[in-house]
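# Secondary and tertiary structure notes
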Amino acid sequence: MRSTAFAAQQLALSLMHFYSVRGSLVAEVVYALCAATSFTCAVLLFAAYRASKTPLLFWTSLGFIGLTLNNLFLFIDLIILPANDLFFWRTSAGLVGMLLLLYGLLNEIK
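The structure displayed is predicted, hence computed values, not measured ones. (Residues numbered from 1 in each chain as written. Predicted model: local features only at pLDDT ≥ 70, side-chain atom pairs only at ≥ 80, totals over all residues. Heavy atoms only, no water.)

## Looking at the overall build of the protein
Helices and strands together make up the secondary structure of the protein, namely three helices and zero strands. Secondary structure elements of the protein occur, N-terminal to C-terminal, as α-α-α. Within the protein, the proportion of its 110 residues that are buried is 18%. Long-range contacts, defined as pairs at least 24 residues apart, comprise 56% of the intrachain contacts of the protein with a sequence gap of at least 6. For the protein, the exposed area adds up to about 7,900 Å²; of that, 74% sits on carbon and sulfur atoms. (Helix = DSSP H or I, 4+ residues; strand = E, 2+ residues; numbered from the N terminus. Buried < 20%, exposed > 50% of the residue type's maximum accessible area, 1.4 Å probe, protein only. Contact = heavy atoms within 4.5 Å. Areas by Shrake-Rupley, 256 points an atom, 1.4 Å probe, with all protein chains shown as cover.)

Spelled out as structure tokens, the structure:
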């Protein structure tokens with residue numbers, strides 16, 4: 001009876017480890033895809049700006065560069081260097097990106 005309980009406990013621990021590793025892998029992939037998507041948007045917006053010289057495209061591409069940095073800092077903070085706290089840098093990059101985007105939108109209204 002004792003060995004059955006031990007085996008069940010070992011199985012439960014193995015399953016918990018499997019799902020925690022799998023969940024971590026999914027988080028890593030999602031963070032990397034978010035950074036790649038933000039970077040792709042920034043590059044495409046800047047290419048469109050170079051073709052049309054529309055100022056809103058320029059400011060939007062700068063905003064997405066800020067979001068790319070935000071996502072990169074998030075990946076570094078949570079996956080690569082979890083012992084270090086990069087909250088200030090991630091938040092600052094996102095804030096600067098959003099402020100640039102807001103400036104471009106308000107400047108376009110004028």
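Having seen the model, we can carry on.
## Section: unusual backbone geometry
Among all residues except glycine, the phi angle is most often negative; among peptide bonds, the trans geometry is most common. For Lys53, which is not a glycine, the phi torsion comes out positive at approximately 60°. When you line up the elements, Lys53 lands in the loop between α1 (2-52) and α2 (55-80).

## Thoughts on the packing of aromatic side chains
Going through the model one piece at a time under the given rule, you end up with five aromatic pairs. Their ring planes at 75° and their centres at 4.8 Å tell us that Trp59 and Tyr103 sit as a pair that is edge-to-face. Remark: Tyr103 occurs in helix α3 (residues 87-109) and Trp59 occurs in helix α2; sequence separation between them is 44 residues. Connected via pairs of aromatic rings, a cluster forms that spans Phe46, Tyr49, Phe58, Trp59 and Tyr103. Lys53 extends its terminal NZ or CZ atom over the ring of Tyr49, reaching a point 5.4 Å from the ring centre. (Phe/Tyr/Trp six-rings, centres within 6.5 Å; stacked < 30°, edge-to-face > 60°. Lys NZ or Arg CZ within 6 Å of the ring centre and 35° of its normal.)

## A short note on the side chain of Thr60
One can find Thr60 in helix α2. Taking the relative accessible area as the measure of exposure, Thr60 reaches 14% and is therefore buried. Contact partners of Thr60, with chain neighbours within four places excluded, come to Leu45 and Leu101.

## Describing the side chain of Ser61
Tracing the sequence through the fold places Ser61 in helix α2. Among the residues examined, Ser61 registers a relative accessible area of 1% and is labelled buried. A distance of 2.6 Å separates a polar atom in the side chain of Ser61 from the backbone oxygen of Phe58. Those residues in contact with Ser61, other than ones at most four positions away along the chain, are Ala42, Leu45 and Phe46. (Polar contact = N/O pair within 3.5 Å; in protein donor to acceptor, adjacent residues only side chain to side chain.)

## Considerations on the pattern of salt bridges
Where charged atoms of side chains with opposite charge meet at close range, the side chains can pair. A complete count under the given rule lists one salt bridge for this structure. Where Arg90 meets Asp77, a salt bridge forms, and the shortest distance between an N and an O atom there is 3.1 Å. Taken together, the residues Arg90 in helix α3 and Asp77 in helix α2 connect sequence positions 13 residues apart. Among the residues examined, Arg90 registers a relative accessible area of 18% and is labelled buried. (Salt bridge = Lys/Arg side-chain N within 4 Å of Asp/Glu carboxyl O.)

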